[in-house]
Structure formats: C-alpha cells, structure tokens
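# Architecture and fold: a report
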Amino acid sequence: MIKKSSNLFSYRKLKELEHFLDEIFTSFYEELLKREHLSRFFTSEEQIKNLIKKQKKNIYDSFDDTDEDLKKRYIRLAGFHTKTIGLTFVDYMEAFNFLKDKILNILHREGKLSEYFVVVNDYFEKAKHYSAEGYLKEFIKGILKYPEPKKKDFIPLLSFTEHLKRVLQVIESGDIYPIKETISDICGLNRWFSSLEAEMMIPDVAILERLKKRYGEIHALCKNIGYYIQNELYFQSYVEFKTFLHNYYFVSKDISEAHSSFMQNKKEMFFDLIKKTKGKDIMYFAFIENLSILTSLQGQEFTEFTIMEFKKSIENAFAGKNCVSIANDSIIGLVKDINYEEIDSVLENIKAIIKNLSDKNINARVVFLDMKDFFLKEHDLLEGLSTK
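All figures in this text were calculated on a predicted structure; none of them were measured in a lab.

Bringing the overall build of the protein into the picture now. The secondary structure content of the protein amounts to 16 helices and six strands. Burial status across the protein gives 45% buried among its 388 residues. Taking all contacts inside the protein whose residues are at least 6 apart in sequence as the whole, residues at least 24 apart take part in 72%.

Set out below in structure tokens:
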C-alpha cells in the first residue's frame, strides 16, 4: 500500500530544488526530441518553452499538495495525456523515471543525495501509481462505451461479457470495497466448459483445454487486480489489467468463432458428438405437431420463440444432468449418463411443460432413443402414456 505522507515527511522540502527545474525540464525535452515517436508531439521551440514553464509550475505546486490533492492532480494529468494527447502508458511511466533519475543525478552532483533520496523516491512512486490509476480509469471508460451484447447472443458468452462489465464498473467507480467479491464471481462460462455443448462446439480437446486454462488465468488476474487496487498499487493493477483484457478477448474471440461455426453446422457437429456416446447416454426428439398452423396464425417469430422456450424447458427438466440440444423446426437432444429409471423421475416435469403448452393450443411430443439398446421409447405426454 502507498504510504500516506505525515507532517514530518512533507514534499515541501523539494521546493528547495526550484532553481534546478530549468535544467531538469530542458534535459527532459531534449531527450524527448531524440525519440522519433515522441518528437511528433512538438512543432516549435516556442511550444517547448511554454511546456517547460507549465511543467515547472505543475511540479513546484505539487510539492505543497496533500496526498489527496496529489492523487487528483496526477489522475487528471494522466487522463489528459492518454485521452487528449494519446501518449502510451509505457512512455508516460518512462517520463517519470527520467525525471526522477535526473533529479537524483543533480542531487548527487550537489552532494545532497542522501538528504533528499527518500522523499524524491516517495514522491515519484506516488506520482506513478496515481497516474496509472488515471490511465486505468480512462481505459475502462473507453471499454464501457462498447455496445451492449444482443440478447440473442450465445448465453455463456453473454454471461462472460456481463461479468467483465461488472468488474469494469466496480474498478471505474473507485469504490474498492466490493472489488474482491465481484472479481471472485464465477460466471456461467466456467460451468459451460464442462458441458456437452462445449464438447460439441469445440471438439478439439487441446483447444478446449487451452481455453479453460486462459479462463482460469483471467480469474487469477482479476484477484490480483483486486488486491492491487485495494492496496492502491495502481501501476501493478494497470499492467495486470492489460494482460487480463488480452486473455478475455482471446477467450471471447475463440468461443464466438466456435459458436458461429456451430450455428452453420449444427446437425453435423451434433451427430459427431453422438458418435462418442456411451451406454447410459440417451437421445430425445421433441417437436410441435401443429407448428405450421401456429406459424400461419402467429407468425415465424412467435414459433421460433416457442421452440426455443420448449428446448430450454426440457433441458431444465433434466436438471443436474449434462444435457445438450439443438433446435430448428424440431429439437434433438442428448443426455449423458442417465437410464430409464431416472427418466421416469423427470417425466412429471416434462408432462407439466407439455400441459402448459397444450393449454395454449400448442401440441407437443417427445421421443427418447436409448443409445445402448437402440430402441425407441415414445412418451405421449399429453395422455400420460409410455410405450417401448
């Protein structure tokens, strides 16, 4: 944690360096002009003279600041340099390192290094951390301006995005207390990685394991960020946050691409998964008998919504089981490690689903296929009958 300055440890002592400030900032801008990617920010000697004047005033005035004022000053300046000027975080931090080294070299030359070393080091350590907080806040503001995900987006990925948004909002708010709890949340994507749907969409085991590893790193990085922010170590939090975002976009991109590929090849990928089934896995078919009539009366959007709700309800009926299904005009699903005795225990829930649809003049049926014995077992749930 950054130590708070007391009355016995004041930066006012640094005001004694006033007559060295011209030398310090002249050397500073001479160094910047040697670097091609930084020299583009300067157009004339007059501009540099004005900047030296402003820099001298800023640092001299800051020697009178309280910790809170110093924090506000460098958060504001960091925001200006990243948002208005476009200066990178690395270049901004390097500027502080150059200024600190220049001051320490002058103090060494003047034989006063031991007298000033601690206070100079403390001042620039805080300036860097507070500036890093400014860069972090501006960076997050930019991300939060991205458009909201559409409701029809892939649910596990939507959950992942919502988790990221919560983390960003907590950090951006500056309220450190909920950070630890928020960043430790496990979003729906964590459970999805162990699901049949994940196995179906990402059949390459090596790719799926790589994504799981990246996802684990994301949550580890979140915890680190929370620790650093709670202890006001914003330099470290900014660096960790950049790595966090890199991993986040890597995972999001790969899963989004896998989902897009799946949407174009649903049947093929589902039946590839079926080939891997074992003795206690069961397939089911669900369909709406009067679908064409409903489409004529209610429209395509209504029937698509009804099928997706029917799909979701059946999956929920198998709560606690690893279940996956795909849907177009009908629904086909797979449940892992289940037998007919267990199916009987969930039939009441499925009957209730079918009854609810029937009350809305929607006639639905479900057929089960035992992958071990390869026989059909049809449940006419409207009448509560079971045949083999």
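To continue, consider the confidence of the model for the protein. Mean pLDDT over the protein: 82, with 85% of residues reaching 70 or higher. Here residues 373–388 scores under 50 on pLDDT; set against residues more than four positions off or in separate chains, the count is 41 contacts.

Now for the packing of aromatic side chains. If you walk through the whole model with that rule in mind, you get 26 aromatic pairs. With a centroid separation of 5.6 Å and 70° between ring planes, the pair formed by Tyr 74 and Phe 96 is classed as edge-to-face. Placement of Tyr 74 in helix 4 (residues 67–85) and of Phe 96 in helix 5 (residues 89–109) is noted, with a sequence separation of 22 residues between them. Neither Tyr 74 nor Phe 96 differs from the other in exposure class; each is buried. Between Lys 15 and the ring centre of Tyr 60, over which it is positioned, the NZ or CZ distance is 3.7 Å.

Running from N to C, helix 11 (residues 205–230) and helix 12 (residues 234–264) cross one another at 155°; their axes reach a closest spacing of 9 Å. Taken together, the axes of helix 11 and helix 12 are roughly antiparallel relative to one another. The crossing of helix 11 and helix 12 is left-handed. Residues belonging to the contact of helix 11 with helix 12 are distributed by class as follows: 15 nonpolar, six polar and five charged.

The next point concerns unusual backbone geometry. Peptide bonds are mostly trans, and most non-glycine residues show a negative phi. One non-glycine residue, Asn 361, lies in the positive phi region at around 65°. Following the sequence through the fold, Asn 361 ends up in the loop between helix 16 (340–358) and strand 4 (364–370).

Here the focus is helix 13 (residues 266–274). Within the span of helix 13, buried status applies to Lys 266, Met 269, Phe 270, Leu 273 and Ile 274. Each buried residue of helix 13 lies within a common arc of 150° when the element is viewed along its axis, so the set occupies one face. In this fold, the buried residues of helix 13 make contact with helix 10 (196–201), helix 12, strand 1 (282–288), strand 2 (323–327) and strand 3 (331–335).

A separate point is the packing of helix 1 (residues 21–33) against helix 5. Relative orientation of the contacting elements helix 1 and helix 5 amounts to 135°, with a least axis distance of 10 Å. Accordingly, the angle class assigned to the pair helix 1 and helix 5 is oblique. As helix 1 packs across helix 5, the resulting crossing turns out to be right-handed. Of the residues in helix 5, those touching helix 1 at Glu 23, Ile 24, Phe 25, Ser 27, Phe 28 and Glu 31 are Ala 95, Phe 98, Leu 99, Lys 102, Ile 103, Ile 106 and Arg 109. In terms of residue class, the contact of helix 1 with helix 5 is made up of eight nonpolar, one polar and four charged.

What follows deals with the pattern of salt bridges. For the structure on display, the rule yields 24 salt bridges. A salt bridge links Glu 115 to Lys 13, with the shortest nitrogen-to-oxygen separation between them at 2.8 Å. In this pair, Glu 115 is assigned in helix 6 (residues 113–144) and Lys 13 in the segment before helix 1, connecting sequence segments 102 residues apart. Exposure remark for Lys 13: the relative accessible area of 27% places this residue in the partly exposed category.

What follows is about the environment of Tyr 29. By the secondary structure assignment, Tyr 29 is in helix 1. Spatially, the C-alpha atoms of Tyr 29 and Ile 48 are 7.3 Å apart, while their sequence positions differ by 19 residues. Within the local environment of Tyr 29, its side chain forms a polar contact with the side chain of Gln 55, the two groups lying 3.1 Å apart.

Positionally, Asp 254 belongs in helix 12. Excluding residues within four positions of it along the chain, Asp 254 makes contact with Arg 210 and Leu 211.

A few words on the side chain of Lys 266. Within the secondary structure, Lys 266 is located in helix 13. Asp 329 provides the closest opposite charge to the buried, salt-bridge-free Lys 266, at an N-O distance of 9.3 Å. Of the polar contacts made by the side chain of Lys 266, one reaches the backbone oxygen of Ala 327; its length is 2.8 Å. If near-sequence neighbours (up to four positions away) are discounted, Lys 266 is found in contact with Ile 326, Ala 327 and Asn 328.

Conventions we followed
- Residues numbered from 1 in each chain as written.
- Predicted model: local features only at pLDDT ≥ 70, side-chain atom pairs only at ≥ 80, totals over all residues.
- Heavy atoms only, no water.
- Helix = DSSP H or I, 4+ residues; strand = E, 2+ residues; numbered from the N terminus.
- Buried < 20%, exposed > 50% of the residue type's maximum accessible area, 1.4 Å probe, protein only.
- Contact = heavy atoms within 4.5 Å.
- pLDDT = per-residue confidence, 0-100.
- Phe/Tyr/Trp six-rings, centres within 6.5 Å; stacked < 30°, edge-to-face > 60°.
- Lys NZ or Arg CZ within 6 Å of the ring centre and 35° of its normal.
- Axes fitted to C-alpha atoms, helices over the stretch in contact; angles between N-to-C directions.
- Parallel < 35°, antiparallel > 145°, perpendicular 65-115°, else oblique.
- Left-handed = near helix turned anticlockwise from the far one by under 90°.
- Nonpolar A, V, L, I, M, F, W, Y, C, P; charged D, E, K, R; others polar.
- Arc of directions from axis to C-beta.
- Salt bridge = Lys/Arg side-chain N within 4 Å of Asp/Glu carboxyl O.
- Polar contact = N/O pair within 3.5 Å; in protein donor to acceptor, adjacent residues only side chain to side chain.
- Lys, Arg positive; Asp, Glu negative; His and termini not counted.

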